[in-house]
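Structure at a glance
Spelled out, the chains give:
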Amino acid sequence: MKSFEYARAETRLDATTDARNGAAIIAGGTNLLDLMKLEVMTPQSIVDINRLDLGTIDVTEEGGLRIGALVTNSDLAGHSTVKRDYEVLSRALLAGASAQLRNKATTGGNLLQRTRCGYFYDTAMPCNKRAPGTGCQAKEGFNRSLAVLGTSEHCIASHPSDMAVAMMALNAIVEVEGHDGTSRQIALNDLYCLPGTTPDIETTLQPGDLITAVRLPKPVEASQIYRKVRDRSSYAFALVSIAALVKVEDGKISTAALAFGGLAPKPWRNSEIEAELMGKAPSNALFDRAADILLTDAQGYGENDFKIPLARRTLKAVLSTLTEVSQ
Amino acid sequence: MTAHLKMNESQPPVLDEMAQGVIGTPTPRRDGPLKVTGQATYAAEVGDGTEAVGMLVRATIAKGRVTSIDETATLALPGVLTIITDERMLRNPAQGGANEAPVQGPRDVAYFGQPIALVVAETFEHARHAAQNISVTYEILPDAITDFLDGDAPIERPAAKQIEQGDIESAMRDAAFSVDATYTTPSQNSAAMEPHASIAWWDGEKVTLHSSLQMLKFNRNELADSLGIDPENVRVLAPYVGGGFGSKLGLAPEAVAAALAAKELGRPVRVVMTRPQVFETTMRRSATHQRLRLAANEQGELTAIGHDALVSNLPGEAFSEPVALATHFLYAGKNRSYSHQIARVNLTCAGSMRAPGEAVGMLALENAMDELAHDAGIDPVELRLRNIPEDHPEKDKKFSSHCLADCLTTGAKRFGWEKRNPTPGAVREGEWLIGVGMSSAARGNILHEAKARVILHSDATVSVETDMTDIGTGTYTILAQIAGEMLGLPLDRIEVKLGDTDFPPAAGSGGSWGAGSTGSAVFLACQTLRSEIADLLGTDPAELTIKDGSIISGNVQHELAQLLTRDLSAIGHIEPGKTSDEVEQATFGAHFAEVAVNAVTGETRVRRMLGVFSAGRILNMQTARSQCHGGMIFGIGSALTEELVHDLRDGHIVNHNLAEYHVPVNLDVPQIDAVFLEERDSWANPMQSKGVGELGISGAGAAITNAIFNATGVRVRDYPATLDKVLKGLPEM
Ligand SMILES: Cc1cc2nc3c(=O)[nH]c(=O)nc-3n(C[C@H](O)[C@H](O)[C@H](O)COP(=O)(O)OP(=O)(O)OC[C@H]3O[C@@H](n4cnc5c(N)ncnc54)[C@H](O)[C@@H]3O)c2cc1C
Ligand code: SF4
């Protein structure tokens with residue numbers, strides 16, 4: 001670990017000012033500290049935001065929820081409104097990490113956790129994300145857990161979060177405060193960038209930005225599922241995960257929101273899938289078409305080829321469960 | 001006084017005649033409360049704060065030579081004290097029982113991750129930062145071999161391991177049923193909770209090493225030889241070890257590095273491996289490639305067994321995964337054929353990991369038996385029962401005791417095996433395909449030379465002293481039980497001191513021989529003390545009944561504490577003898593597993609497991625059961641998740657952390673039942689016990705993959721059976 005300066009932010013301005021000057025924001029530290037120990041990230045200084053008043057969950061005027069950036073994954077998963085109205089989120093959170101980690105991990109930190117690509121974590125390896133221009137060692141290496149959608153020749157990393165996948169399906173909005181004290185709102189889908197030629201740039205946040213909260217719109221009436229496929233029963237990242245909210249009325253699909261984890265560099269949403277499903281009677285053939293749309297551009301890199309058929313099967317199972325169409 | 005026994009003949013059931021009643025009874029580990037309250041200090045925790053801290057520097061090439069290290073720049077970093085590149089540093093960890101220095105010389109690089117230097121600094125963080133940023137130049141040799149299946153790998157074929165009996169080819173041709181299948185298992189790591197760690201300090205010419213090790217009498221000589229000093233000047237301490245599983249049998253690189261640095265700096269030096277270093281620089285279990293051939297007649301009686309194994313290790317390493325160990329004696333069959341090939345590769349050193357040989361060999365053998373049972377339409381339990389040999393099938397030897405049949409039938413009954421649907425893929429609960437599978441378990445039994453001192457104090461308390469280690473298995477507890485039973489004293493009057501080479505040398509923990517070997521030394525010492533007590537009373541030791549410190553001899557009661565006027569002390573010394581050669585000693589068992597395989601995703605969840613075992617006298621039912629539970633959980637990992645992934649471009653281990661190297665977590669482990677049959681083995685040792693530490697893993701994973709086949713009809717022959725491999729065989733949706 002490289003030596004670093006530590007500062008505790010008493011105000012948001014402290015945090016954004018320090019961050020603007022290059023400090024890494026530390027919340028739960030469950031990802032940042034690991035990366036610092038391995039020197040994958042070597043900030044000169046860190047600013048601790050844990051004393052800021054960002055730890056509450058409040059009902060918004062629109063009837064949605066405002067989740068403070070410092071709300072822990074455990075508290076969010078256990079919150080009664082979340083369990084009742086945003087079940088998919090509670091389930092996604094509980095499917096992630098371990099109880100100990102969830103007690104420390106925060107909402108803001110979870111959104112910004114970095115890929116688990118093994119080459120990214122090992123400073124002896126070339127990696128365009130960690131050291132731009134050095135190459136992507138994963139493409140022809142061990143890429144079992146990496147992405148098949150939205151990749152580029154420069155990086156095929158997958159985004160590891162479960163929480164963000166559920167939030168994506170819930171149309172979450174990220175509330176950000178800049179170093180000049182102004183607050184702005186970014187649709188979660190617009191928070192993340194695809195790797196393209198600059199895999200080191202992962203979000204649209206600017207230096208000095210502090211995530212203050214995540215806003216969920218008013219709950220929709222729909223059946224909700226978070227399904228996570230992984231190598232062991234717990235404490236493993238998703239190979240494929242799906243957050244889904246679906247409602248069937250008069251034999252036709254009237255609500256559909258789907259987001260995917262484990263498949264792409266960001267929590268993945270494709271509105272064409274939902275458009276295809278809307279207004280149609282659920283059937284195995286329809287689900288296949290949905291999977292076709294999801295996977296048309298999918299590209300495997302060897303070890304992760306299996307994710308493509310796995311995603312198809314998992315999507316079909318999720319849709320059939322939610323619409324009660326038997327396979 | 002020394003009581004010496006060489007095991008040349010079978011032994012009477014002495015422990016059964018004792019009165020205390022503590023032997024065999026389920027007794028919690030005495031080190032348990034110390035561990036959960038943090039009072040048991042591990043190697044990384046000892047010291048008074050004055051020590052310097054070292055961090056190993058890893059090679060980042062697969063093969064070549066270090067041409068220079070920029071020491072000036074590194075020494076200029078904050079907190080850095082020195083850089084050790086001494087030629088005596090270890091390149092490879094020592095194999096179990098090496099008893100001499102392993103491969104030394106950190107400048108020549110034989111594998112990615114090999115230690116090439118030690119940076120010593122004031123704090124762990126300083127040392128780690130410097131080790132991470134040290135600038136090294138290499139001369140890279142282009143001919144590194146990282147794929148053991150690659151035809152370019154140099155292959156060795158040890159003559160003694162190429163065995164032909166009869167004619168397997170014609171037996172296969174003439175067979176009513178036959179199997180000829182290839183299985184592969186990946187590299188693995190023991191992943192013990194406590195990372196390898198050492199702290200060393202010198203007092204003049206004498207060095208003390210407090211470390212995490214399994215076999216101290218050998219480790220002491222390994223350290224002395226590595227440093228080039230007299231073993232008399234080396235003391236090794238390892239009172240608490242947080243798991244070893246074979247990875248701490250021999251000295252690891254951090255130990256010698258700590259000693260060299262402490263000498264140079266004239267102050268204690270601590271070196272703790274990070275988790276990635278544990279994966280990269282301590283023993284891995286070799287990946288294996290195995291071809292199994294089985295031939296059987298109409299009745300399912302084996303007429304031939306063939307087991308061809310290809311394993312890997314670094315050039316020059318003597319150890320090679322002894323894949324076919326159990327195949328030699330488990331089943332009958334006249335025609336037998338074995339080959340054993342070692343591919344020389346540039347990968348992390350391969351060595352012993354829990355049940356070397358059986359743990360991987362039985363995966364293949366027991367899968368092949370399942371394939372044969374299926375093809376022949378014979379129940380898998382019945383197939384095994386039909387092939388239990390009377391005597392050793394390859395040598396002119398009797399078994400010392402043999403309860404496989406009983407394990408199989410008892411297990412089948414307890415598990416409800418008769419309810420099994422033999423048609424694969426026939427049982428479904430919603431999305432889940434349900435299946436059951438079984439396998440035999442077998443593990444050879446070993447006795448090693450061991451010594452222990454037992455002191456019977458005049459207040460009728462006892463001290464047991466030996467350099468034996470307790471690596472989390474229960475050694476502290478069972479040695480107290482043995483002494484308590486023999487001397488008729490409750491356990492709270494017995495102190496057990498372990499893990500110090502100043503005590504008499506024991507056998508160490510490994511190969512499941514620890515309890516039988518060191519326990520026998522304690523037993524023998526106690527037997528001598530019983531004779532001395534008898535002498536004090538002028539009677540024969542056979543006439544003594546001692547319980548709770550009261551002696552009854554010829555209808556007269558005496559109190560031990562009053563009888564003793566001084567401390568009595570004896571050293572027990574056991575040595576293996578003819579019974580190791582003239583009879584075949586092994587432990588046996590049967591595994592049963594039920595799995596649910598998700599028909600959508602191919603995810604496998606183990607629903608329940610049962611193991612029925614026979615291992616001679618059980619010294620402590622609770623710790624023995626825990627050992628078998630642990631072994632069976634290892635079996636879950638081997639079957640479903642564990643794989644050390646080498647990037648074949650440079651051999652480096654990609655998943656060198658516990659987030660990505662998947663050992664089973666709580667939720668992966670179902671209700672596990674481990675049952676022991678009542679047995680005595682009079683040929684094994686004077687306690688008539690046998691080893692249990694590795695029996696539980698032997699065959700366990702095969703029961704699970706056999707259950708996957710029963711559930712789905714998918715035969716995964718390439719371990720671990722991750723969901724992608726199962727998925728390939730599942731029906732379309
Ligand atoms: C072994 C292991 C297994 C795991 N398994 C899973 C899993 O299965 N599923 C899953 O989803 N996650 C998993 N995780 C990841 C875990 O969820 C994240 O580490 C955690 O959510 C990060 O939150 P944190 O508060 O600790 O973030 P930190 O480590 O504090 O920060 C992470 C990043 O976010 C930035 N940051 C934090 N807060 C803010 C803010 N308010 N504004 C701006 N920037 C901010 C930091 O600067 C840093 O770059 C696992 C982690 C580990 C170690
Ligand atoms: S996939 Fe991305 S993170 Fe992984 S090695 Fe390639 S560039 Fe680096």
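Just above, that's the structure.
Now for a description of the structure that goes with this document. (Residues numbered from 1 in each chain as written. Chains lettered and ligands numbered in written order. Predicted model: local features only at pLDDT ≥ 70, side-chain atom pairs only at ≥ 80, totals over all residues. Heavy atoms only, no water.)

Turning to the overall build of chain A, a few remarks are in order. Along chain A, the regular secondary structure elements total 12 helices and 11 strands. Relative to the 2.2 N^0.38 estimate, which gives 20 Å for 327 residues, the radius of gyration of chain A is 20 Å and therefore close to what a compact globule would have. In terms of principal-axis extent, the alpha carbons of chain A reach across some 60 × 50 × 35 Å. Out of the 327 residues in chain A, the part that is buried amounts to 57%. Nonlocal contacts in chain A, meaning residues at least 24 apart in sequence, comprise 63% of its contacts between residues at least 6 apart. (Helix = DSSP H or I, 4+ residues; strand = E, 2+ residues; numbered from the N terminus. Rg over C-alpha atoms; globule rule 2.2 N^0.38 Å. Buried < 20%, exposed > 50% of the residue type's maximum accessible area, 1.4 Å probe, protein only. Contact = heavy atoms within 4.5 Å.)

Residues and elements named next belong to chain B. Its 12 residues place the ends of helix α5 (residues 216-227) 16 Å apart at the C-alpha level, agreeing with the 16 Å of an ideal helix rising 1.5 Å per residue. Where burial is concerned, most of α5 is hidden: 10 out of the 12 residues are buried. Close packing links the buried residues of α5 with β12 (197-203), β13 (206-211), β14 (234-237) and α6 (253-265). Of the residues flanking the end of α5, it is Gly-228, one or two places downstream, whose phi is positive at about 75 degrees. (Expected span 1.5 Å × (residues − 1).)

Attention now moves to the sheet that holds strand β3 (residues 45-48) of chain A. Each strand in a sheet pairs with another by means of backbone hydrogen bonds, the pair being arranged parallel or else antiparallel. Residues and elements named next belong to chain A. Strand order in this open sheet of 3 strands is β1-β3-β2, and the pairing throughout is parallel. A strand with exactly one partner marks an edge of an open sheet, and here the two such strands are β1 (5-8) and β2 (24-26). Adjacent strand axes in the sheet meet at a mean angle of 30 degrees when their direction is disregarded. Across 3 bridges, β2 lies against β3 in parallel orientation. Residue pairing for β3: Ile-25 is matched across the bridge by Val-47. (Pairing = 2+ DSSP bridges. Axes fitted to C-alpha atoms, helices over the stretch in contact; angles between N-to-C directions.)

Here the focus is the sheet that holds strand β31 (residues 586-598) of chain B. Residue and element names in this part refer to chain B. An order of β21-β22-β31-β32-β33 is seen for the 5 strands of this open sheet, with the pairing classed as mixed. The sheet is open, and its two edges are formed by β21 (428-429) and β33 (671-676), each paired on a single side. Two elements, strand β22 (residues 432-444) and β31, share 13 bridges in a ladder whose sense is antiparallel. Looking at the pairing, Gly-437 lines up with Ala-593 of β31. Along the sheet, helix α17 (residues 700-712) makes contact with β22, β31 and β32 (604-614), crossing β22 at roughly 155 degrees.

All names here are of chain A. When you line up the elements, Thr-115 lands in the loop between α7 (107-112) and α8 (163-169). Judged by its relative accessible area of 5%, Thr-115 falls in the buried class. At 3.2 Å, the side chain of Thr-115 forms a polar contact with the backbone nitrogen of Cys-117. From its side chain, Thr-115 meets the backbone oxygen of Ser-158 in a polar contact 2.9 Å long. (Polar contact = N/O pair within 3.5 Å; in protein donor to acceptor, adjacent residues only side chain to side chain.)

Turning to the environment of A:Arg8, a few remarks are in order. Residue and element names in this part refer to chain A. Along the polypeptide, Arg-8 turns up in strand β1. Given a relative accessible area of 37%, Arg-8 falls into the partly exposed group. As a C-alpha pair, Arg-8 and Ile-49 span 41 residues in sequence and 6.5 Å in three-dimensional space. In contact with Arg-8, not counting residues within four places along its chain, are Asp-14, Asp-48 and Arg-51.

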